[in-house]
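Spelled out, the chains give:
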Amino acid sequence: MTDQSLTGLTLVDALAGLRARNFSARELTEAHLAAIADANPHLNAFVHVTADKAIAAADVSDGRLARGSEEEVRALEGAPLGIKDLFCTEGVPATACSKILGNFTPPYESGVTEKLFAAGAIHLGKLNMDEFAMGSSNETSAFGPVTSPWRRNGSNAPMVPGGSSGGSAAAVAAELCLAATATDTGGSIRQPAAFTGTVGIKPTYGRCSRWGIVAFASSLDQAGPITRTVADSALMLRVMAGHDPRDSTSLAVETPNFEAACHASLKGLTVGVPKEYRVDGMPKAIEDLWERGIAWLRDAGAKIRTVSLPHTKYALPCYYIVAPAEASSNLARFDGMRYGARVEGRDLTDTYEKSRGAGFGAEVQRRILIGTYVLSAGYYDAFYLRAQRVRRRISDDFTHVFREVDCLLTPTCPSATFELGGKSVDPIEMYLNDVFTVTANLAGLPAISVPAALDANGLPLGLQIIGRALDEESCFTAAAAIEKAAAFNAKPGSWFRGPRS
Amino acid sequence: MAVDEQTVRRVAKLSRIAVPEDRLAALAGELSGLMDWIEQLREVDVTGVEPMTTTVAMALPLREDRITDGGKSEAILRNAPRATDGFFVVPKVVE
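Residues numbered from 1 in each chain as written. Chains lettered and ligands numbered in written order. Predicted model: local features only at pLDDT ≥ 70, side-chain atom pairs only at ≥ 80, totals over all residues. Heavy atoms only, no water.

Peer 1: Even after reading the chapter, I still don't get the overall build of chain B, so can you show me in this structure?
Peer 2: Of the regular secondary structure elements, chain B holds 3 helices and 2 strands. Reading the secondary structure of chain B in the N-to-C direction produces α-α-α-β-β. Whereas a compact globule of 95 residues would reach a radius of gyration of roughly 12 Å, chain B reaches 23 Å, over 25% beyond that. A principal-axis box enclosing the C-alpha atoms of chain B has dimensions of 55 × 45 × 25 Å. (Helix = DSSP H or I, 4+ residues; strand = E, 2+ residues; numbered from the N terminus. Rg over C-alpha atoms; globule rule 2.2 N^0.38 Å.)

Peer 1: Looking at this model, I keep getting lost on the overall build of chain A. Mind explaining?
Peer 2: Tallying secondary structure elements over chain A gives 17 helices and 11 strands in all. Taken over C-alpha atoms, the radius of gyration comes to 21 Å for chain A, in line with the 23 Å a tight globule of 501 residues would show. Along the first, second and third principal axes, the C-alpha set of chain A runs to 65 × 60 × 50 Å. Residues counted as buried form 65% of the 501 residues belonging to chain A. Relative to all contacts within chain A whose residues are 6 or more apart in sequence, the contacts with residues 24 or more apart total 77%. As displayed, chain A offers around 16,300 Å² of accessible surface, 50% of which is attributable to carbon and sulfur atoms. Between the mean site of the 49 positive side-chain charges and the mean site of the 54 negative ones, chain A shows a separation of 4 Å. (Buried < 20%, exposed > 50% of the residue type's maximum accessible area, 1.4 Å probe, protein only. Contact = heavy atoms within 4.5 Å. Areas by Shrake-Rupley, 256 points an atom, 1.4 Å probe, with all protein chains shown as cover. Lys, Arg positive; Asp, Glu negative; His and termini not counted. Charge placed at Lys NZ, Arg CZ, Asp CG, Glu CD.)

Peer 1: Looking at this model, I keep getting lost on the pairing of strand 10 (residues 447-454) of chain A. Mind explaining?
Peer 2: Regular strands place side chains that alternate from one sheet face to the opposite one. Residue and element names in this part refer to chain A. Among the 8 residues in strand 10, 7 count as buried, and that is most of the element. Across 3 bridges, strand 5 (residues 199-202) lies against strand 10 in antiparallel orientation. Residue pairing for strand 10: G200 is matched across the bridge by S449. The pairing of strand 10 with strand 11 (residues 460-467) spans 7 bridges and is antiparallel. Along strand 11, the bridge assignment pairs I448 with I465. (Pairing = 2+ DSSP bridges.)

Peer 1: What am I meant to see in helix 4 (residues 51-67) of chain A here?
Peer 2: Residues and elements named next belong to chain A. Taking 1.5 Å per residue, 17 residues should reach 24 Å; helix 4 reaches 25 Å between its end C-alpha atoms and fits that length. Among the residues of helix 4, A54, I55, A58, S61, D62 and L65 are the ones counted as buried. Buried positions in helix 4, seen along its axis, are confined to an arc of 120° and lie on one side of it. Among the exposed residues of helix 4, those pointing more than 90 degrees away from its buried face are D52 and R67. Along its buried surface, helix 4 packs onto helix 2 (11-19), helix 3 (25-43) and strand 3 (122-127). Just downstream of helix 4 lies G68, where phi reads positive at about 75°. (Expected span 1.5 Å × (residues − 1). Arc of directions from axis to C-beta.)

Peer 1: Just checking my understanding: could you explain empty space enclosed by the protein for this structure?
Peer 2: All names here are of chain A. Applying the stated criterion across every chain, the model contains 3 cavities of 30 Å³ or more. Taken as a whole, the largest cavity holds about 50 Å³ of empty space. What lines the largest cavity is simply A133, G135, S136, T185, G186, S188, F216, Y319, Y320, R367 and D434. Here the lining of the largest cavity is built from residues that sort into 4 nonpolar, 5 polar and 2 charged. (1 Å grid on protein atoms, 1.4 Å probe; cavity = no way out; pocket = protein on both sides within 12 Å on 5 of 7 lines; lining within 4 Å. Points joined across faces, edges and corners; volume = space filled by probe spheres on them. Nonpolar A, V, L, I, M, F, W, Y, C, P; charged D, E, K, R; others polar.)

Peer 1: Would you mind going over the nonpolar core with me for this structure?
Peer 2: Most often, soluble globular proteins have nonpolar side chains that are buried together. Residue and element names in this part refer to chain A. Residues L76, L116, F132, L176, L297, F398 and F476 are the most contacted members of the largest nonpolar core, which totals 184 residues. Per-element tally for this core: the top contributor is helix 11 (residues 315-330), with 10 residues. With residues up to four places along the chain from it excluded, the contact list for L116 reads L76, L81, I83, A121, T181, M236, V239 and M240. (Core = buried A, V, L, I, M, F, W, Y, C linked by side-chain atoms within 4.5 Å.)

Peer 1: Help me out: how do you make sense of the packing of aromatic side chains in this one?
Peer 2: Where two aromatic rings form a pair, the distance of their centres and the angle of their planes describe that pair. Residues and elements named next belong to chain A. Throughout the structure, instances matching the rule amount to 18 aromatic pairs over all chains. The interplanar angle of 50° and the centroid separation of 5.5 Å between the aromatic rings of F104 and Y339 together place this pair among those described as tilted. You can see F104 sitting in the loop between strand 2 (80-84) and helix 5 (111-118) and its partner Y339 sitting in the loop between helix 11 and helix 12 (348-359), a full 235 residues away along the chain. For F104, a relative accessible area of 12% puts it in the buried group. Given a relative accessible area of 21%, Y339 falls into the partly exposed group. One aromatic cluster is present, built from ring pairs that chain together F104, F132, F334, Y339 and F360. (Phe/Tyr/Trp six-rings, centres within 6.5 Å; stacked < 30°, edge-to-face > 60°.)

Peer 1: Which parts of the structure should I look at to understand the side chain of T372(A)?
Peer 2: In this fold, T372(A) is placed in helix 13 (residues 362-375). Looking at T372(A), the relative accessible area reads 13%, which means it is buried.

Peer 1: Can you help me understand the pattern of salt bridges in this one?
Peer 2: A side chain of one charge can pair with a side chain of the opposite charge when the charged atoms of the two come close. Residue and element names in this part refer to chain A. Considering all chains together, one arrives at 36 salt bridges over all chains under this definition. We note a salt bridge from E77 to R74, for which the minimum N-O separation is 2.8 Å. Here D350 ties to R346 by a salt bridge, and the two come within 3.6 Å at their closest N and O atoms. Overall, R346 belongs to the exposed group, its relative accessible area being 68%. (Salt bridge = Lys/Arg side-chain N within 4 Å of Asp/Glu carboxyl O.)

Peer 1: Could you clarify how one ought to interpret the layout of surface pockets in this entry?
Peer 2: Over the atoms rolls a probe the size of a water molecule, and in doing so it shows where empty space is left. All names here are of chain A. Within this model, the largest pocket holds a volume of roughly 820 Å³. Lining of the largest pocket is provided by 28 residues; of these, C88, F104, Y108, W211 and G212 occupy positions nearest its centre. Of the residues that constitute the lining of the largest pocket, the class distribution is 14 nonpolar, 7 polar and 7 charged.

Rendered as structure tokens:
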């Protein structure tokens with residue numbers, strides 16, 4: 001097989017091909033490393049490539065595949081993956097794409113990556129992201145922005161891959177890895193998935209261990225995969241999920257068979273359509289796609305019901321109190337004393353201030369300042385406590401509608417991707433990207449984005465399914481039905497393959 | 001609501017972030033804009049609503065209080081900006 005036919009396989013098909021010995025893990029890994037070498041100068045998706053480790057791991061997998069017994073061949077044996085730079089990876093730098101972490105090289109492995117590598121996955125390298133996962137366009141990274149492999153029809157203008165998991169989404173869309181890990185605090189898996197024609201799921205809060213993931217907003221952060229198909233997403237999440245006693249919010253529950261849910265019938269499933277998820281200025285292409293999504297699910301056997309989530313419009317401002325407040329506390333640990341970059345000052349306080357002033361980028365500083373402000377004396381009740389009360393209102397909205405429907409169908413984002421530099425001036429305009437995704441984080445619910453169409457410019461659009469807590473299965477069932485009906489098989493072109501002109 | 005330069009200076013101090021004087025006005029403008037937008041939360045009736053701190057409806061798990069890890073000072077110090085003889089080297093704290 002050619003390199004490109006190997007990297008273009010789905011995760012499920014690649015694993016089948018490895019088991020059938022149609023190609024080796026080494027061939028598959030080398031094909032991906034070659035694709036990265038070609039594309040990364042254009043896309044900047046990887047910030048650190050672990051080629052030697054990947055080849056060594058592939059050889060181990062080939063040995064296991066040759067012996068072939070069930071114990072030897074693990075769930076992801078020989079599958080080359082990319083890892084978001086927010087995950088601690090033993091002996092491989094983890095910087096959250098921030099200058100303040102310097103060359104931090106963790107002496108331990110995160111809970112999620114530990115599970116993936118124990119299942120035989122191969123680590124290709126670390127993926128670019130917005131600094132500390134704060135952003136919606138991957139333009140705040142200390143390593144520079146990621147460029148999406150997608151372009152408008154007839155245009156060479158560079159587009160954003162979305163954020164914060166922009167490197168993960170771009171790498172999966174450009175076929176530089178079979179799948180990638182990502183994290184989602186307000187939409188950071190689903191929005192970049194929607195922008196790049198890939199599948200992204202944020203599971204129920206507590207489904208995946210947060211141990212060893214650099215913390216942004218601890219009550220909202222969850223890990224999940226970005227993949228090219230719904231079935232690949234189900235497989236990845238099954239391996240990533242599971243109880244971890246090192247994370248006190250990790251749920252001690254069985255991980256369901258998500259792959260089986262992808263083949264389940266929609267008969268008996270009631271899908272809610274929340275009327276508040278129509279915002280001013282939303283392109284007609286997205287309104288139309290939403291209508292088509294409703295028809296696809298109805299045709300597949302689901303019942304459709306219009307529902308109301310009256311506090312939806314308050315989710316984003318609520319998030320911009322809760323998330324920065326938690327971030328200002330979490331990011332206090334970056335003081336230049338025990339790890340990361342230090343800028344020496346006159347005394348201890350001056351050293352803290354200089355290290356943090358030089359180490360944190362503008363967006364991270366802005367959020368720490370907001371968080372510190374809303375938690376400070378005199379403002380705590382008016383802002384922080386009020387936001388936490390509004391958060392409960394938003395969560396209660398979902399509790400009410402989930403008495404009559406099993407899941408919700410919405411657009412993932414209010415727009416398609418936009419040009420690099422197109423929205424970085426006004427923070428609120430950038431924050432509005434997450435208007436449909438942030439609610440699931442505030443309520444801790446699972447939500448998946450599935451690519452469903454291209455707009456008139458040839459750019460991907462996604463639909464989102466939000467499920468009840470711990471019911472990722474309905475998300476996968478509905479998403480698989482949309483994937484089948486939409487038959488989305490568009491690819492981003494090939495301008496990024498080959499030498500930089 | 002307006003966040004003035006003096007407030008930004010105070011919050012930056014609390015945050016332990018060195019903000020140059022010539023950045024204060026711009027930051028005050030940005031934070032004021034954000035806080036104005038956030039003001040809409042005042043419209044929500046939250047009478048009698050308990051603040052929500054977690055989405056996980058479970059008691060915090062407890063474990064036995066015993067040592068389960070340790071003896072890794074070398075691995076821990078490997079990432080230190082400055083270290084010597086098994087210690088972090090930090091600016092003088094006590095006079």
